[in-house]
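Structural characterization, general
So the chains spell out like this:
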Amino acid sequence: MDHTTITWADLARLKKAAKAAKSTLPGLSHAQRLDTLASANHRVRNYHEMLKRYEAGIDACLVKDGVLHTCMLCGLQFDSSEPDDWKQHAQRHELYEEAGFYLGYLPSQYAERERIKKLGYKLMQAEGEHQHRDGALAVLLAHFDRSLDAAILDNRWRQHAYFEEYVQCALADAPFIPSGVKRLLVQEFGERAGVIPKGQSYWPPDLVRQTADRAASLKRLQALRSMATA
Ligand SMILES: [Zn+2]
């Protein structure tokens with residue numbers, strides 16, 4: 001990301017600073033404070049230019065095929081000839097950027113999740129305990145990503161479990177994992193029954209995660225993602 005890119009986090013910080021600067025920039029309207037701080041901190045003439053730069057960053061995420069646009073960040077596919085679709089995309093994209101900023105991670109989108117799941121099942125049928133373990137974790141990663149994706153869309157990602165806790169709870173009911181591999185994973189992650197309802201793989205909407213193992217989970221997710229793309 002080059003220095004001219006304006007992120008969601010930059011905008012959020014600027015809006016907060018403009019609110020807080022009532023006393024340090026007296027006599028200015030909120031809009032004027034936005035302009036002043038934007039030009040002081042982001043090498044732009046004013047807030048409007050900062051917004052334009054932010055929008056250029058969003059545009060760079062879009063793969064365009066005629067009127068059909070697909071966002072590589074938030075996964076939305078939309079009709080660019082429909083103003084309402086643009087609006088829907090802007091809202092969804094912002095949710096993803098906010099979640100990605102705080103979580104340090106964004107879930108893979110549908111096609112990629114299906115690919116990872118397929119790979120996982122293939123590995124579970126291959127030779128060797130190590131392969132089985134990686135395969136089971138790949139399928140769990142695809143389930144986790146689908147669950148987190150839904151939580152971001154509902155703006156409840158702050159409650160969603162990190163990967164380690166998710167696996168712990170998912171292992172309580174994971175009939176797709178052969179029993180020998182499951183035993184190994186339970187030794188590694190632990191097991192918590194009764195959190196994710198039987199037969200489901202989504203983190204329950206109203207449940208707040210219990211553990212704050214973000215760093216450990218991130219490390220694990222990065223390792224799994226690179227295993228799945230190798
Ligand atoms: Zn997007």
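A short tour of the structure in this document, coming up. Every value quoted in this text rests on a predicted model; they were computed, and no experiment measured them.

**A short note on the nonpolar core**
A136, A138, L140, L141, Y166, V167 and A170 are the most contacted members of the largest nonpolar core, which totals 36 residues. Elements supplying a minimum of two residues to this core: α4 (83-103), α5 (110-125), α6 (129-153), α7 (163-170), α8 (179-189) and α9 (214-229). Each of two domains, domain 1 (8-103) and domain 2 (110-229), supplies a minimum of three residues to this core. If sequence neighbours within four positions are ignored, A136 has contacts with G120, M124, I177, V181 and L185. Counting residues in each nonpolar core, the second largest holds nine residues, with A18, L34, A38 and Y47 among its members.

**Focus: the sheet that holds strand β2 (residues 68-71)**
One open sheet holds the three strands; their spatial order is β1-β2-β3, and the pairing between them is antiparallel. What marks the edges here is a single partner per strand, and that holds for β1 (62-65) and β3 (77-79). Geometrically, the sheet is characterised by an average inter-axis angle of 25 degrees between neighbouring strands, direction not taken into account. Bridge count between β2 and β3: three bridges; the pairing is antiparallel. Within β3, the residue paired with H69 across the bridge is F78. Packing against the sheet, α4 makes contact with β2 and β3, and its axis sits at approximately 155 degrees to β3.

Analysis parameters
- Residues numbered from 1 in each chain as written.
- Predicted model: local features only at pLDDT ≥ 70, side-chain atom pairs only at ≥ 80, totals over all residues.
- Core = buried A, V, L, I, M, F, W, Y, C linked by C-beta atoms within 7 Å.
- Buried ≥ 20, exposed ≤ 12 C-beta atoms within 10 Å, placed from the backbone.
- Helix = DSSP H or I, 4+ residues; strand = E, 2+ residues; numbered from the N terminus.
- Domains from an automatic or database assignment.
- Contact = placed C-beta atoms within 7 Å.
- Pairing = 2+ DSSP bridges.
- Axes fitted to C-alpha atoms, helices over the stretch in contact; angles between N-to-C directions.

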